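Structural description and commentary
Spelled out, the chains give:
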Amino acid sequence: MTLGAGIIYGPRELGVSGSPSADADRRITDRARSLTEGLADVVVVPGEAREEDRVDGERMLLLAGDHGGLRITKDETHIRCAPGAIFTRKVVIDASCKIEGARFKSSDGSNNEPLLVDVIDAGATILFIGCVFEKSFHHTTAFVKVVSGARASFIGCKFLPVMDKAGTVVNNLGAAALVGIIGCSNKTTKNHVNVTGVFETT
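Just so you know, these numbers come straight off a predicted model, no measurement behind them. (Residues numbered from 1 in each chain as written. Predicted model: local features only at pLDDT ≥ 70, side-chain atom pairs only at ≥ 80, totals over all residues. Heavy atoms only, no water.)

1. Considering the nonpolar core
- Core analysis: the largest hydrophobic core is formed by 39 residues, its most contacted members being Ile 93, Ile 99, Phe 104, Val 117, Phe 128, Phe 133 and Phe 154.
- Ala 40, Val 43, Val 45 and Leu 61 belong to the second-largest nonpolar core, a separate cluster that totals 5 residues. (Core = buried A, V, L, I, M, F, W, Y, C linked by side-chain atoms within 4.5 Å. Buried < 20%, exposed > 50% of the residue type's maximum accessible area, 1.4 Å probe, protein only.)

Written out as structure tokens, the structure reads:
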């Protein structure tokens, strides 16, 4: 388990002894929570249920693993993701927020979500920083849809893989000046719609 730059925490470092077991896993998770208290209001482990009043408007840290989907409904929600934290279902954004280091992923299996992120609040401002958007290579819908009027910035993000069907990447239904693609990597070979791009590479 990795918590913080350059520091590797395992059972010994976390004060857990004995052979691997459900109890040891629980104690490691509890210890990880205590070590990350200063980084977030809520530390979320994979598979943990998240109530609306706990998620919204808080600083969240998602630990490595599959986290399903999420709906954000209150302003100033800040989500930071540890390496390996993955949203495997659609994320619906209905408020202003910042999301850092997340991986939004769909596949041909049980998590076959054609749309990874759906921004539905026309008054929202969203920052995606260092995120990865990855879909099944033959989906035809957009990776991200932004409702008209919403503002969104994608900074240092990746869009992949190479797609073999027609489709779009970031589909903004409003003015191009409101959605920026800044220093991102687009490997899909598909285009964005109504965005302002600055130094986007493949």
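2. What about the pattern of salt bridges?
- Applying the stated rule across the entire model yields 2 salt bridges.
- Note that Arg 71 is salt-bridged to Asp 94, the shortest N-O span being 3.8 Å. Within this pair, whereas Arg 71 is found in strand β4 (residues 70-72), its partner Asp 94 is found in the loop between β7 (91-93) and β8 (97-100), the two being separated by 23 residues in sequence.
- Classification of Arg 71 as partly exposed rests on a relative accessible area of 40%.
- Asp 94 sits in the partly exposed class, given a relative accessible area of 26%.
- Between Arg 103 and Glu 134 there is a salt bridge, with the nearest N and O atoms lying 2.7 Å from each other. With Arg 103 in strand β9 (residues 103-105) and Glu 134 in strand β12 (residues 132-134), this residue pair connects regions lying 31 residues apart in the sequence.
- The class for Arg 103 is partly exposed, based on a relative accessible area of 28%. (Salt bridge = Lys/Arg side-chain N within 4 Å of Asp/Glu carboxyl O. Helix = DSSP H or I, 4+ residues; strand = E, 2+ residues; numbered from the N terminus.)

3. Focus: the sheet that holds β4
- Taking strand neighbours across the sheet as the criterion, the 6 strands line up as β4-β7-β10-β13-β16-β19 in an open arrangement whose pairing is parallel. Each end of this open sheet is capped by a strand with a single partner; those strands are β4 and β19 (191-193). Averaged over all adjacent pairs, the angle separating strand axes in this sheet is 10 degrees, with direction ignored. (Pairing = 2+ DSSP bridges. Axes fitted to C-alpha atoms, helices over the stretch in contact; angles between N-to-C directions.)

4. As for unusual backbone geometry
- Here the residue pair Leu 160 and Pro 161 is connected by a cis peptide bond, since its omega of 5 degrees sits within 30 degrees of zero.
- Counting through the fold element by element, Pro 161 comes out in the loop between β15 (158-160) and β16 (168-172).
- Positioned with a positive phi, Glu 76 is a non-glycine residue whose angle comes to about 70 degrees.
- Turning to its location among the elements, Glu 76 is positioned in the loop between β4 and β5 (77-81).

5. Some remarks on the environment of His 139
- Mapped onto the elements of the fold, His 139 is located in the loop between β12 and β13 (144-146).
- Linking His 139 and Gly 167, residues 28 residues apart in sequence, is a C-alpha distance of 7.6 Å.

6. Considering the side chain of Ser 96
- The topology assignment puts Ser 96 in the loop between β7 and β8.
- Within the structure, Ser 96 has its side chain in polar contact with the backbone nitrogen of Thr 125 (distance 2.9 Å).
- Other than its neighbours up to four places away in sequence, Ser 96 contacts Lys 74, Asp 75, Glu 76, Thr 77, Gly 123, Ala 124 and Thr 125. (Polar contact = N/O pair within 3.5 Å; in protein donor to acceptor, adjacent residues only side chain to side chain. Contact = heavy atoms within 4.5 Å.)

7. Here's the deal with the confidence of the model for the protein chain
- Here the protein chain shows a mean pLDDT of 82. Residues at 70 or above account for 74%.
- Low pLDDT (under 50) marks residues 1-17, which in the prediction has 24 contacts with non-local residues, meaning those over four places away or in another chain. (pLDDT = per-residue confidence, 0-100.)

8. Side note on the sheet that holds β5
- Within the open sheet, the 8 strands sit side by side as β1-β2-β5-β8-β11-β14-β17-β20. Their pairing is parallel. For this open sheet the edge positions go to β1 (42-44) and β20 (196-198), each flanked by a neighbour on one side alone. Strand-to-strand, the axes of this sheet are offset by a mean angle of 10 degrees, without reference to chain direction.
- Pairing analysis gives 4 bridges linking strand β2 (residues 59-62) to β5, with the strands arranged parallel.

9. Focus on the packing of aromatic side chains
- Counted under the stated rule, the structure contains 8 aromatic pairs.
- Measuring from centroid to centroid gives 6.3 Å for Phe 104 and Phe 128, while their planes differ by 80 degrees, and the two rings are edge-to-face. With Phe 104 in strand β9 and Phe 128 in strand β11 (residues 125-129), this pair connects stretches of sequence that are 24 residues apart. One exposure class covers both Phe 104 and Phe 128, and it is buried.
- When the centroid spacing of 5.1 Å and the interplanar angle of 15 degrees are considered together, the rings of Phe 133 and Phe 159 count as stacked. One end of the pair, Phe 133, is in strand β12; the other, Phe 159, is in strand β15, with 26 residues separating them in the sequence.
- Phe 133 sits in the buried class, given a relative accessible area of 0%. (Phe/Tyr/Trp six-rings, centres within 6.5 Å; stacked < 30°, edge-to-face > 60°.)

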